[in-house]
Amino acid sequence: MLLIHSLRGRLALVILMSSLLTLTTVLLLAYQSLVRDLEAELSRQQAFETRQLSNQIEAELTLRLFALENLARELSDGYRLVDPQNMERALTNRSRLEALFSSAIIVLDSEANAIAENIHVPGRLGTNYADRPHFRRLLRSNAPVISQPIIGRATGLPLISFLHPILGNEGQLLGIVGGTVDLSETSVISAASLETMERLGLQILDADNFYYVQGNPDQQGLSITELPDPGLNPLIDRALQGISTGTVTMPDGSRQLYATAVIPTLNWIILKANPVTEILAPARASFQRFLALSIGICLVLASFGYWAVRHSMTPLSRLTRRIQKMARDPELSEPLPVSGIEEIRDLTLAFNSLTDERNRLSRLKEEFVSTVSHELRTPLTALNGALGLLNSGVAGEMPDKVQELVKLSHRNAERLQTLIQDLLDFNKLQAGRMEFNIQRCEVEPILQASVERNRMMAQHYQVRLGLTIDENIEVEVDAGRLQQIVDNYLTNAIKHAPARSRVTVSARRDGPNLLITVSDQGEGVPEHFVSELFTRFSQAEVGTTRAIKGTGLGLAICKEIAEHMAGQVGYHNENGAHFWVQFPAVMDQ
Amino acid sequence: MTTTLTRILYVEDDADIQAVGELALAHVGGFTVELCSSGQEALDKVADFQPELILLDVMMPGIDGIETYQALKELGHLENTPVVFMTAKVQEEDLARYRQLGIADIISKPFDPMSLSDRIRNIWQQCQH
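1. A short note on the overall build of chain A
Inference 1: Helices and strands together make up the secondary structure of chain A, namely 13 helices and 19 strands.
Inference 2: A burial count over chain A gives 26% of its 589 residues as buried.
Inference 3: Within chain A, counting contacts between residues at least 6 apart in sequence, those at least 24 apart form 61% of the total.

This is the structure in structure tokens:
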């Protein structure tokens, strides 16, 4: 989840999402169009195949009628039928005819009584067929007839009968020649066609007799069954309704694409149907392949996008780290290397010019502080010196009131001097220009000197000073700077301690450290201010009984000086304020 | 060689500071002080006065403390006379630069007039070792 909070993650996500969205849309549209085209093409193909089959069957029927017509010519002399012997001869050993009419060839007289046959079937000769509908049709019209498939009266087999009239020279009906085809054995449809039908999902419907003829792989040839009742097979219903192409949903939920063609002679319907899923399988497979490939490409693109953005953003991260480092360490002011993409280069250049400006301002500030403080110190030297001399009585005795005012002036001149010193020290620390002469030194003389130096001030504030040292510990510090810290703590304590109270400087070993504490018996620092105590320009607001004197830099300077000498500063309140500083003590070997 | 310091040449362009310094050195310290207001004046007076220590302000109009110091050294007879700089400059790099010249010490301004003489005496004694 962190990824989307970064620019590179977001861009990669945008690339991935937009690619996937585009891809999905394009693929869906392409798939729909592909399906439509495939269905239309298959529908055309189905129509062609059914038409072709119907033409083929039509041709087979015509061929048989033509064969019967030729036979009929041989069976009369133009006035009457040939005698039985010639008729027998004309019917036997006619392999071509037998191939065309596998079941039987029979000759009937003009009353439709069977008078000759090529294959002997007991009880057939002498039978009258005039009651059969197709015979009736021929007797009425004297024209050739093809029957609907019927169950043979003597054979019990599904048969198609072909009848041709034997006509005399004057067109009178002399007899009838008939051929029968057993649909279950030989067919008007060749064996090859049957296989093709099976494979192609072809069916033949006999619309008049409601017979349902279809290829049956278990038997040789065709089987004939009754057509299903309307509503049971929507495909057959559609075909019988004369709707020649389309799709239909079957009871099992599958969709079928179908086409039909009619054989007018037999009123048969050739039906071809294929499941839509089967048609679409190749399209679906290629669609899935394409989808997988596209997702792969998308992922590669997104990875590339992520990499490209990450690569572009690296200088930005470097820039950020550098700026953070510069914020922590003001001394770091080197310009950043200009690299990366244009926007980042511009940003770096802008940042570098900002750094230059910062450095310039910093130098200006240092110079300003240095110059101003120097200029201030010159008159202060004269002022402080003169007041100091007056105060000490070198210039002679003064009346009490004058003495008091001179003391006041001297005190304030010294305060001004301290302020300027603080400013200078702070400036030096900030610029990293304060020098430290770190040496091994004893702590006792340093603390004694500090106490002595502040005794006058303590007397003025009516505060007693005390110094307690457990043992004379040695530390490695700049003695002058340590004195500066202790002086600062001491003057603060004296200023804030109640009159007639005690301020104590104590030094003791605390584990591996030397701990110096300056304690007073005052109110201490207000709780809310403790955390700000050692930060620059901070001064606690306390009662008006004693004014706060200082720049607010003193403690910040102490902290920085201590840290430069591997020390630490701190504060705690326990029956008064306790300011402490600690340094690693020098361990005796 | 004398064992106590008595004669100090004090060069300071600021009249007020000069007055305070003179009081501190002459009245508090009891030295014999010859006052000069410029580097040139110091160069003019040094041969007659024969100081045992020279207290020299650094920032002065005309020839400044450093140039004055170098000119004094060129006179030839002051190799053993300690020169102490007084300056309100407190930048470490300035102080380091001054020390490289070979001066005895630096006293920063503002100075404490009551302890100035003791300080000077200490510096002079260190130079005698």
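2. Quick notes on helix α5 (residues 113-128) of chain B
Inference 1: Over its 16 residues, α5(B) extends 24 Å from the first C-alpha to the last, a length consistent with the 22 Å expected when each residue adds 1.5 Å.
Inference 2: Every buried residue of α5(B) is accounted for by P113(B), L116(B), I120(B) and W124(B). Looking down the long axis of α5(B), one finds its buried residues gathered within 60° of arc, a one-sided arrangement. For α5(B), exposure combined with an orientation more than 90 degrees from the buried face picks out D118(B), N122(B), Q125(B) and Q126(B).
Inference 3: Tucked inside the fold, the buried residues of α5(B) contact α8 (342-392) of chain A together with α1 (15-28), β3 (53-57) and β4 (83-87) of chain B.

3. Section: the pairing of strand β12 (residues 268-275) of chain A
All names here are of chain A.
Inference 1: Summarising burial for β12: six of the eight residues are buried, a large majority.
Inference 2: By the bridge criterion, eight bridges tie strand β11 (residues 255-263) to β12 in an arrangement that is antiparallel. Directly across from A261, in β12, lies its bridge partner I270.
Inference 3: As consecutive antiparallel partners, β11 and β12 are separated by four residues, and within that stretch N267 has a phi angle of approximately 55°, a positive value.

4. Describing the confidence of the model for chain B
Inference 1: Of the residues in chain B, 96% have a pLDDT of 70 or more, and the chain-wide mean is 89.
Inference 2: Across the interface, the model reports ipTM at 0.77; the global pTM reads 0.46.

5. Considering unusual backbone geometry
Inference 1: Looking along the chain, the bond that leaves K109(B) and enters P110(B) is cis, with omega of -5°.
Inference 2: Positive phi, normally seen in glycine, also occurs at A566(A), with a value near 60°.
Inference 3: Locating A566(A) in the fold gives a position in the loop between α13 (554-564) and β18 (568-573).
Inference 4: On the basis of neighbour count, A566(A) is assigned to the partly exposed category, with 13 C-beta atoms found within 10 Å.
Inference 5: For Q50(B), which is not glycine, the phi torsion reads 55° and is therefore positive.
Inference 6: Mapped onto the secondary structure, Q50(B) falls in the loop between α2 (39-49) and β3.
Inference 7: The class of Q50(B) is partly exposed, set by 13 C-beta atoms lying within 10 Å.

6. Considerations on the packing of α8(A) against helix α9 (residues 400-431) of chain A
Residues and elements named next belong to chain A.
Inference 1: In contact at an axis separation of 9 Å, α8 and α9 are set at 155° when each is read in the N-to-C sense. Classified by the angle their axes make, α8 and α9 are roughly antiparallel. Of the two possible hands of crossing, α8 and α9 adopt the one that is left-handed.
Inference 2: Residues belonging to the contact of α8 with α9 are distributed by class as follows: 13 nonpolar, eight polar and four charged.

7. A closer look at the interface of chain A and chain B
When the parts come together, some accessible area is lost, and that loss is often what is quoted as the size of the interface.
Inference 1: Each partner contributes to the interface: chain A provides 18 residues, whereas chain B provides 19 residues.
Inference 2: Going through the elements one at a time, α8 and α9 of chain A are the ones with two or more residues in the side of chain A that touches chain B.
Inference 3: The element best represented in the side of chain A that touches chain B is α8(A), accounting for 13 residues.

8. Brief notes about the sheet that holds strand β2 (residues 32-36) of chain B
Residues and elements named next belong to chain B.
Inference 1: Pairing within the open sheet is parallel, and its five strands lie in the order β2-β1-β3-β4-β5. Where the open sheet ends on each side, the last strands, each with one partner, are β2 and β5 (105-108). When strand polarity is set aside, the average angle formed by the axes of neighbouring strands in this sheet is 20°.
Inference 2: Where strand β1 (residues 7-11) and β2 come together, five bridges link them in parallel fashion. Residue pairing for β2: Y10 is matched across the bridge by L35.
Inference 3: Most of the contacts of helix α3 (residues 65-74) go to β3, to which it runs at about 150°, and overall it touches β1, β3 and β4.

9. Some thoughts on the packing of α1(B) against α5(B)
Residue and element names in this part refer to chain B.
Inference 1: As a packed pair, α1 and α5 sit with axes 8 Å apart at the nearest point and diverge in direction by 65°. Where α1 crosses over α5, the two elements pack in a sense that is right-handed. Here V20, L23, A24, L25 and V28 of α1 come into contact with α5, specifically with P113, M114, L116 and S117.
Inference 2: Grouping the amino acids of the contact of α1 with α5 by side-chain chemistry returns eight nonpolar, one polar and no charged.

Reading guide: rules and limits
Residues numbered from 1 in each chain as written. Chains lettered and ligands numbered in written order. Predicted model: local features only at pLDDT ≥ 70, side-chain atom pairs only at ≥ 80, totals over all residues. Helix = DSSP H or I, 4+ residues; strand = E, 2+ residues; numbered from the N terminus. Buried ≥ 20, exposed ≤ 12 C-beta atoms within 10 Å, placed from the backbone. Contact = placed C-beta atoms within 7 Å. Expected span 1.5 Å × (residues − 1). Arc of directions from axis to C-beta. Pairing = 2+ DSSP bridges. pLDDT = per-residue confidence, 0-100. Axes fitted to C-alpha atoms, helices over the stretch in contact; angles between N-to-C directions. Parallel < 35°, antiparallel > 145°, perpendicular 65-115°, else oblique. Left-handed = near helix turned anticlockwise from the far one by under 90°. Nonpolar A, V, L, I, M, F, W, Y, C, P; charged D, E, K, R; others polar.

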